[in-house]
Amino acid sequence: MLTVAAVVLGLAGFTLYRDQQRLRERASTSTQNIAALLDQSIASAFDKVDSVLLSTEQLYLRRGPGGVPTALPPSDVNAQLRLLAAHVPEVFAIRILDRNGVLRYGSDELPAQRMSYADRGFFTRLRDNPGQGRVVDGPLLGRQHTQWIVVLARPLLDKEGRFAGVVYANFRTAFFERILSAPVLGPQGAATVRTTDLALVHRFPDTQGAVGSRNVSRELAAAIGAHPQAGEYIAATALDGIERSNAYRRVSGLPFYVIVGTATLNDTRHLLRYGSVLFALAACALGLAAVVVWVNVRNERRLRADISARKDINAALQREVDERRRAEAQATQALRYARGLIEGSLDPLVVLDREGLITDGNQAFESFVGQPKEALIGQAYAAWCVLPEAARLTVAAVFHHGSVHRQPLDMRLAAGEVKHTLFSARLYRGPDDEVAGLVATVHDTTEQRRAEQYMRVAAAAFEAQEGMMVTDAQHVILRVNKAFTRITGYSADEAVGQTPRLLSSGHHTQDFYTAMYQSLAETNAWQGEVWNRRKNGQIYPQWLTITAVRDADGHLDNYVSTLSDITFRKEAEDKIKVLAYFDALTGLANRRMLMDRLGHALASSNRSGQYGALLFIDLDRFKNVNDTLGHDYGDLLLQQVAQRITAQVRENDTVARLGGDEFVVMLDALTDRADTSADHARLVGEKLLATIGEPYHIKGLECRSSPSIGITLFMDHHHTAEEVLRQADLAMYQAKGNGRNGLRFFDPAMDAEVARRAALEHDLRSAIEHHQLELHYQAQVNGRGDTVGAEALVRWSHPARGRVSPAEFIPIAEESGLILPLGAWVLDEACRQLATWAAHPQLQRITVAVNISARQIQQEDFVQQVRTVVRRHGIEPRRLKLELTESVLISDIQGIADKMVALQLDGIRFALDDFGTGFSSLSYLKRLPLDQLKIDSSFVRDILIDPSDKAIARMVISLGHSLELEVIAEGVETEAQSSMLASLGCHRYQGYLYGKACAAPAFEALALGAAAAPA
């Protein structure tokens, strides 16, 4: 039995030792993991703030010469620093010191008096060695707020790389409270941050008044001396005297240690309780041996002792189970601590396994990605990245090197939005001390990049093409850009410190500037055109925009002005005005200006009761000058005409050129009587007739041109400017119709005539569209009286007007352009009739002559039009004869001849009508492919009594025979005329003697009757 007791005691001792080792291993693993997480949280926070300091350095210093851009308004810099500080709640201030250590800018409220920080360690270290990058200093007692702070600082370098100042961020030491208090440290646990020289920065739980203290245990000093990066030790803390199992770790890239400890007292109590149980079991075993001996004496007492011993054993076993449960609870508490540390991070934090799959993450990561953690677990982290392969390589680098720091990885969130992030990670180990995965922080830099981009755009905008000038509230110039120097001639050194009066030209009154500043006070903005003076003394127009900049309380800080040189724009506007209101060739007013001035003159004459007059001038036969000498001569002639007109009128009168060879003179404010005003207008008109009609000498040639002038008086405001101009135009046409080179006053009867012609044109258009026209045919006979052809003549029976003479509507058709559809219809109808007659044996040889106008034959597709009509009706081309007048041949005779030849090759014949009445030319007859000449009725009418008409007729007949052309006389009304023409050798006739023009059925009857009559 003694042997059994010894065995029980040995087992109890071994169990006690084994549990003690397990508890220590669990405590060690827990404190090491907690220290690693605290290391990463602190490093991530400082890295985030450091990136903001880097952007501040790039945006404020490397754009300006000589370091800190002193010309930049402080309010602008402070506002931008506040914008950046809003992205880093870890700090309470971001500040900028100049090269002398004087505080210049800050995101917090600055002291009224400038403070110097030249003696601070972080400043002297960066000033003496600016190439070392960032510096961390502290803990320090703040001078303005008298609080313990830690400083993160970076040097500011000018464009030559010289030290120009320092930008730094202030961390209150209480910042570490949030990070250190997040884990669950257990009863009497503690977490501490110390500098590398072991000065206390912060401790949780807090120990008041101990910041900066270097009072540490010998065990900590020895452990750090042996293992400066990370290690463990057991010691009582000098601050509270409690013995703890501690793990420490050097924070990555920062001069800090993080120390995490759990009290060893809990483990000792557990082991004492557990040991007492074991020793109780041993005592029970000895008692059992005594009982066995005693049983030999008394069986009854052995049974009771055995039962009692069993109860004690069961109780001891139950206590052992309870202790094990407490140990498991401690492990669970450590897990809760780790969870609290993860969830306490403001940055998204994610845990990945060795395969790069997500195994855990905090609430910040869930919110950032946009999916719950349950859905994220098991997904590859690389799948959330814009470049998955880059993400896989980054994760692999963590397992290879142990950590990565601020690796850029862009992520695409659940909603599809792309975020710019910095990925920092380090490995973590499991209870077996094997690498289990990595813990990473994901720092979202999207807003920071946007802010940086905004500030880059703002900086680039300041150096835009428009000049920019920034002044303070007292109008002292603080900064100008390069465009300002280019526009004004003043460099930045010359302008800064001056006021905008430097640019004053003296063109503006004090009232102008008073209104400007009143607008700035009321609306915070003003813009307008000003005249300023350059450095070289040149005065120039400028478009100026001024904006008042106020702080959050509405106090005026600065004025920002943009200015642009509008010299070229003003010149362009002047040129546009000239083009818009003046004639480019003569420099006279154009139609727009004339109508504007005429409108004003009408209103003025109505108020004053004085008449005005409008003279419409058109040059007679000006087209001949262009056609014969060329347009350059015509332009020179127009310029001289403009000069002569201007010389004959008063300065306040208006002379305008409407276009072409049309000029208008407006005589304003003549007299209050119509007769005397008309006399004055007539006098001016006669002077213009005389001066314009004098010879012109152009390039050594003498030219002449006479004017036709129409005059109208105006005073009645009931007439518009357009109506007055139309009246003068009508009078001019009356003068031109009366033989040209004269003047006419407007007569209201002219209006009636114009209205009648306009109505007739409208009705003619309707008649063409509604087929109210018809063709009549006048017979053409040979010497025996046989009908051999007919001339197609259009007739119009108006529903209201009755029969309208061709002499009345044909000229209107020519002027309005209706001659083209009218001529096309006549040609088509004549060919249709020819096709009908071709089916009649006695009419199939009839030839039909169709009159062609100048506008018809000048069409580019005239030949194709004729061919299309001939093919459509299937007629013999030689039965169609096209009659042209001499007026058709005035222009482009070669082009017309080419078209005639093309149609003549098809078999179509041509006749020249009214020969001898116009500009007869034998060259026409030589060049044109004619088949017939027509003696005009004006020569036939008096052929019996007028020797001249007889001689002309003889000449035409002889000429036709000489050129082998058929000759036909029109307007033959008597047998005597017919006999005379026959004696002269003409044997083709057309006229009332053989029948008037009549409709197709009547013509057919006439032709068939003539064919049946005896010879």
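Residues numbered from 1 in each chain as written. Predicted model: local features only at pLDDT ≥ 70, side-chain atom pairs only at ≥ 80, totals over all residues. Heavy atoms only, no water.

**Topic: the overall build of the protein**
Inference 1: Within the protein one finds 31 helices and 36 strands.
Inference 2: Burial statistics for the protein: of 1015 residues in total, 45% are counted as buried.
Inference 3: Looking at the protein alone, contacts between residues at least 24 apart form 59% of all its contacts between residues at least 6 apart.
Inference 4: If you sum the accessible surface of the protein, you get close to 49200 Å²; carbon and sulfur atoms cover 53% of it. (Helix = DSSP H or I, 4+ residues; strand = E, 2+ residues; numbered from the N terminus. Buried < 20%, exposed > 50% of the residue type's maximum accessible area, 1.4 Å probe, protein only. Contact = heavy atoms within 4.5 Å. Areas by Shrake-Rupley, 256 points an atom, 1.4 Å probe, with all protein chains shown as cover.)

**Thoughts on the pattern of salt bridges**
Inference 1: The full count for this structure, using the stated rule, is 41 salt bridges.
Inference 2: The partner of Asp 632 in a salt bridge is Lys 699, with the nearest N and O atoms 3.1 Å apart. Remark: Lys 699 occurs in the loop between strand E24 (696–698) and strand E25 (701–703) and Asp 632 occurs in helix H18 (residues 631–647); sequence separation between them is 67 residues.
Inference 3: Taking relative accessible area as the criterion, Asp 632 reaches 39% and is therefore assigned partly exposed. (Salt bridge = Lys/Arg side-chain N within 4 Å of Asp/Glu carboxyl O.)

**A look at a nonpolar patch on the surface**
Inference 1: Judged by side-chain polarity, Val 386, Leu 387 and Val 418 come together as a nonpolar surface patch covering roughly 230 Å² of accessible area.
Inference 2: Note that Val 386 resides in the loop between helix H9 (373–376) and helix H10 (388–401). (Patch = residues over 30% accessible without salt bridge, like charges linked within 9 Å, V, L, I, M, F, W, Y side chains within 5 Å.)

**Topic: the sheet that holds strand E17 (residues 477–480)**
Inference 1: The five strands lie next to each other as E17-E16-E20-E19-E18, forming an open sheet whose pairing is antiparallel. The outermost strands of the open sheet, each flanked by one partner alone, are E17 and strand E18 (525–533). Taking the axes of each pair of neighbouring strands and ignoring which way they run, one obtains an average angle of 25 degrees across the sheet.
Inference 2: Bridge count between strand E16 (residues 467–472) and strand E20 (residues 556–565): six bridges; the pairing is antiparallel. By the bridge assignment, Gly 467 is partnered in E20 with Leu 563.
Inference 3: Sitting on the sheet, helix H14 (residues 510–523) is in contact with E18, strand E19 (539–550) and E20, with an inclination near 150 degrees to E18. (Pairing = 2+ DSSP bridges. Axes fitted to C-alpha atoms, helices over the stretch in contact; angles between N-to-C directions.)

**Regarding the packing of helix H17 (residues 622–629) against H18**
Inference 1: As a packed pair, H17 and H18 sit with axes 6 Å apart at the nearest point and diverge in direction by 140 degrees. Considering their axes alone, H17 and H18 lie oblique with respect to each other. The residues of H18 that touch H17, namely those facing Phe 622, Val 625, Asn 626 and Leu 629, are His 631, Asp 632, Tyr 633, Gly 634, Leu 637 and Leu 638.
Inference 2: Residues of the contact of H17 with H18, tallied by class, amount to six nonpolar, three polar and one charged. (Parallel < 35°, antiparallel > 145°, perpendicular 65-115°, else oblique. Nonpolar A, V, L, I, M, F, W, Y, C, P; charged D, E, K, R; others polar.)

**Some words on a negative patch on the surface**
Inference 1: On the surface, Glu 860, Asp 861, Asp 892 and Asp 898 cluster together to form a negatively charged patch.
Inference 2: Here Asp 861 lies in the loop between helix H24 (854–857) and helix H25 (862–873).
Inference 3: Judged by relative accessible area, which is 41%, Asp 861 ranks as partly exposed. (Lys, Arg positive; Asp, Glu negative; His and termini not counted. Charge placed at Lys NZ, Arg CZ, Asp CG, Glu CD.)

**Quick notes on the pairing of strand E3 (residues 135–141)**
Inference 1: Most of E3 sits out of view: five of its seven residues are buried.
Inference 2: Of the pairings in the sheet, the one linking E3 to strand E4 (residues 148–157) comprises five bridges and is antiparallel in character. When the bridges of E4 are listed, Leu 141 appears paired with Trp 148.
Inference 3: Hairpin connection of E3 to E4: six residues between the antiparallel strands, including Thr 146 at a positive phi of 50 degrees.

**Quick look at the environment of Arg 988**
Inference 1: With respect to the element layout, Arg 988 can be found in strand E36 (residues 988–990).
Inference 2: For Arg 988, a relative accessible area of 25% puts it in the partly exposed group.
Inference 3: Leave out the neighbours within four places in its chain, and Arg 988 touches Val 781, Asn 782, Gly 783, Val 788, Glu 966, Val 967, Ile 968 and Ala 969.

**Re the nonpolar core**
Inference 1: Counting residues in each nonpolar core, the largest one holds 78 residues, and the members touching the most others are Val 850, Leu 880 and Leu 882.
Inference 2: Each residue touching Val 850, except ones within four places of it in the same chain, is listed here: Ala 792, Val 826, Leu 827, Ala 830, Leu 880, Lys 881, Leu 882 and Glu 883. (Core = buried A, V, L, I, M, F, W, Y, C linked by side-chain atoms within 4.5 Å.)

**What to know about the sheet that holds E3**
Inference 1: Taken in spatial order, the five strands of this open sheet run E2-E1-E5-E4-E3, and their pairing is antiparallel. Lying at the two open borders of the sheet, with one neighbouring strand each, are strand E2 (103–106) and E3. Across the sheet, the mean angle from the axis of one strand to that of its neighbour is 30 degrees, orientation sign disregarded.

**Observations regarding unusual backbone geometry**
Leaving glycine out, the prevailing phi sign among residues is negative, and the prevailing peptide bond configuration is trans.
Inference 1: Gly 138 connects to Pro 139 through a cis peptide bond whose omega is 5 degrees.
Inference 2: Positionally, Pro 139 belongs in strand E3.
Inference 3: Residue Pro 205 follows Phe 204 across a cis peptide bond; omega there is 0 degrees.
Inference 4: With respect to the helices and strands, Pro 205 occurs in the loop between strand E7 (200–204) and helix H5 (218–226).
Inference 5: Phi is positive for His 475, which is not a glycine, with a value near 70 degrees.
Inference 6: Within the fold, His 475 resides in the loop between E16 and E17.

**Quick word on the packing of H25 against helix H26 (residues 893–905)**
Inference 1: Packing of H25 against H26 leaves a shortest axis separation of 10 Å and a crossing angle of 25 degrees. Judged by the angle between their axes, H25 and H26 are roughly parallel. For the pair H25 and H26, the sense of crossing is right-handed. Here H25 contributes Phe 862, Val 863, Val 866 and Arg 867 to the contact with H26, which in turn contributes Lys 899, Ala 902 and Leu 903.
Inference 2: In the contact of H25 with H26, the residues fall into five nonpolar, no polar and two charged. (Left-handed = near helix turned anticlockwise from the far one by under 90°.)

**Description of the environment of Pro 111**
Inference 1: Mapped onto the fold, Pro 111 is located in the loop between E2 and helix H3 (121–128).
Inference 2: Considered as a pair, Pro 111 and Gln 144 are 33 residues apart in the sequence and their alpha carbons are 7.6 Å apart.

**A few points about helix H19 (residues 674–693)**
Inference 1: Taking 1.5 Å as the rise per residue, H19 with 20 residues should run 28 Å; its terminal C-alpha atoms sit 28 Å apart, in good agreement.
Inference 2: Those residues of H19 that sit buried are Ser 677, Ala 678, Ala 681, Val 684, Gly 685, Leu 688, Leu 689, Thr 691 and Ile 692.
Inference 3: Against strand E21 (612–619), H18, strand E23 (662–667), E24, strand E26 (707–714) and strand E27 (743–745) lie the buried residues of H19. (Expected span 1.5 Å × (residues − 1).)

**Some thoughts on the pairing of E20**
Regular strands place their side chains on alternate faces of the sheet.
Inference 1: In the sheet, E19 pairs with E20 via nine bridges, with the strands oriented antiparallel. Pairing of Gln 542 across the sheet is with Asp 565, part of E20.
Inference 2: Linkage of E19 to E20, two consecutive antiparallel strands, is achieved through a turn of five residues, within which Gly 554 is found at a positive phi near 90 degrees.

**Quick word on the side chain of Thr 847**
Inference 1: Following the sequence through the fold, Thr 847 ends up in strand E31 (residues 847–851).
Inference 2: Residue classification places Thr 847 among the buried positions, given a relative accessible area of 7%.
Inference 3: Apart from the residues lying within four places of it in its own chain, the contact partners of Thr 847 are Val 788, Gly 789, Ala 790, Arg 878, Arg 879, Lys 881 and Arg 909.

**Concerning the environment of Lys 570**
Inference 1: With respect to the helices, strands and loops of the structure, Lys 570 is situated in helix H15 (residues 567–581).
Inference 2: A residue is classified by how much of its surface remains accessible, and Lys 570, at 22% relative accessible area, is partly exposed.
Inference 3: For the pair Lys 570 and Gln 542, spaced 28 residues apart in the sequence, the C-alpha separation amounts to 9.7 Å.
Inference 4: With near-sequence residues (within four places) excluded, Lys 570 lies in contact with Glu 529 and Pro 541.

**Structural notes on the side chain of Asp 763**
Inference 1: With respect to the secondary-structure elements, Asp 763 resides in helix H21 (residues 748–769).
Inference 2: You can call Asp 763 buried: its relative accessible area is 18%.

**Structural notes on H3**
The periodicity of an α-helix, 3.6 residues per turn, causes residues three or four positions apart to be oriented the same way.
Inference 1: The set of residues buried in H3 consists of Phe 122, Phe 123 and Leu 126. Buried residues in H3, looked at end-on, bunch into an arc of 100 degrees, giving them a common side.
Inference 2: Where H3 is buried, its residues contact strand E1 (93–98), E3, E4 and strand E5 (163–172). (Arc of directions from axis to C-beta.)

**Thoughts on the confidence of the model for the protein**
Inference 1: Chain-level statistics for the protein give a pLDDT mean of 84 and a share of 84% at 70 or above.
Inference 2: Low pLDDT (under 50) marks residues 62–71, which in the prediction has 19 contacts with non-local residues, meaning those over four places away or in another chain. (pLDDT = per-residue confidence, 0-100.)

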